[in-house]
Amino acid sequence: MKDPRHRIPTVGAVAVSAALSIAIGVRLTAYGVPPALLVACTASCLATFSSLLFRLAGAWSTTTHRCTRPGCDFRVSLTHATPADSRRWQEIAARHPHRN
């Protein structure tokens, strides 16, 4: 079961995105923008802001372990990992097979 604390960034991102989109919609209404165009612009802003904030929230909750060998691009990214899982994958990244 997913920890309820992981939902907080998602709900926050949606709330902030909706607030920003509504603010832009209100400002466009003052210029007499037709309703169909107003809905399209507001929906576009909502999608854009949500996408940006979801990416930021995902990046904040993601841990990446890389190989320490110079020139090796092996990496493992974990989202919402427990400390034990993170440590296990860190060790795997450190000792993975290298191609010569």
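You'll find the structure just up there.
Residues numbered from 1 in each chain as written. Predicted model: local features only at pLDDT ≥ 70, side-chain atom pairs only at ≥ 80, totals over all residues. Heavy atoms only, no water.

K.L.:
How should I be thinking about the overall build of the protein chain in this particular structure?
P.N.:
When its secondary structure is counted, the protein chain shows 3 helices and 2 strands. Starting at the N terminus and ending at the C terminus, the protein chain contains elements arranged as α-α-β-β-α. In terms of overall dimensions, the protein chain has a C-alpha envelope of 65 × 35 × 15 Å along the principal axes. Burial statistics for the protein chain: of 100 residues in total, 14% are counted as buried. (Helix = DSSP H or I, 4+ residues; strand = E, 2+ residues; numbered from the N terminus. Buried < 20%, exposed > 50% of the residue type's maximum accessible area, 1.4 Å probe, protein only.)

K.L.:
Teacher, can you tell me more about helix H2 (residues 35-60) here?
P.N.:
Along an α-helix, a turn takes 3.6 residues, which lines up residues three or four apart on a common side. The end-to-end C-alpha distance of H2, which contains 26 residues, comes to 37 Å, matching closely the 38 Å that a straight helix rising 1.5 Å per residue would cover. Listing the buried residues of H2 in full gives Leu38, Cys45 and Ser50. On its buried side, H2 packs onto helix H1 (7-29). (Expected span 1.5 Å × (residues − 1). Contact = heavy atoms within 4.5 Å.)

K.L.:
Any chance you could explain the pattern of salt bridges here in plain terms?
P.N.:
One side chain can pair with another of opposite charge once the charged atoms of both are near each other. Enumeration over the complete set of coordinates arrives at 2 salt bridges. The salt bridge involving aspartate 85 is made with arginine 88; its shortest N-O contact spans 3.9 Å. One end of the pair, aspartate 85, and the other, arginine 88, are both in helix H3 (residues 83-95), 3 residues apart, so they sit about a helical turn from each other. The salt bridge involving arginine 87 is made with glutamate 91; its shortest N-O contact spans 3.4 Å. Note that arginine 87 and glutamate 91 are positioned in helix H3 at a spacing of 4 residues, about one turn of the helix. Arginine 87 sits in the partly exposed class, given a relative accessible area of 46%. A relative accessible area of 35% means that glutamate 91 is categorised as partly exposed. (Salt bridge = Lys/Arg side-chain N within 4 Å of Asp/Glu carboxyl O.)

K.L.:
Can you help me understand the packing of H1 against H2 in this one?
P.N.:
Two quantities define a packed helix pair, namely the angle between the helix axes and the distance between the axes. Viewed as axis vectors pointing N to C, H1 and H2 meet at an angle of 150°, and their least axial separation amounts to 8 Å. It follows that H1 is roughly antiparallel to H2 by the angle criterion. Judged by the sense of rotation from one axis to the other, the crossing of H1 with H2 is right-handed. Its residues assigned to classes, the contact of H1 with H2 shows 16 nonpolar, 7 polar and no charged. (Axes fitted to C-alpha atoms, helices over the stretch in contact; angles between N-to-C directions. Parallel < 35°, antiparallel > 145°, perpendicular 65-115°, else oblique. Left-handed = near helix turned anticlockwise from the far one by under 90°. Nonpolar A, V, L, I, M, F, W, Y, C, P; charged D, E, K, R; others polar.)

K.L.:
Whenever I open this one, the state of the cysteines confuses me. Can you help?
P.N.:
Disulfide: a covalent bond connecting the sulfur atoms of a pair of cysteines. Scanning the entire structure with this criterion turns up 0 disulfides. The cysteine cysteine 67 is free of any disulfide, with cysteine 72 supplying the nearest cysteine sulfur at 3.7 Å. Judged by its relative accessible area of 9%, cysteine 67 falls in the buried class. By relative accessible area, which is 26% here, cysteine 72 ends up partly exposed. (Disulfide = S-S within 2.5 Å.)

Shape is all these values report; function is a separate question.
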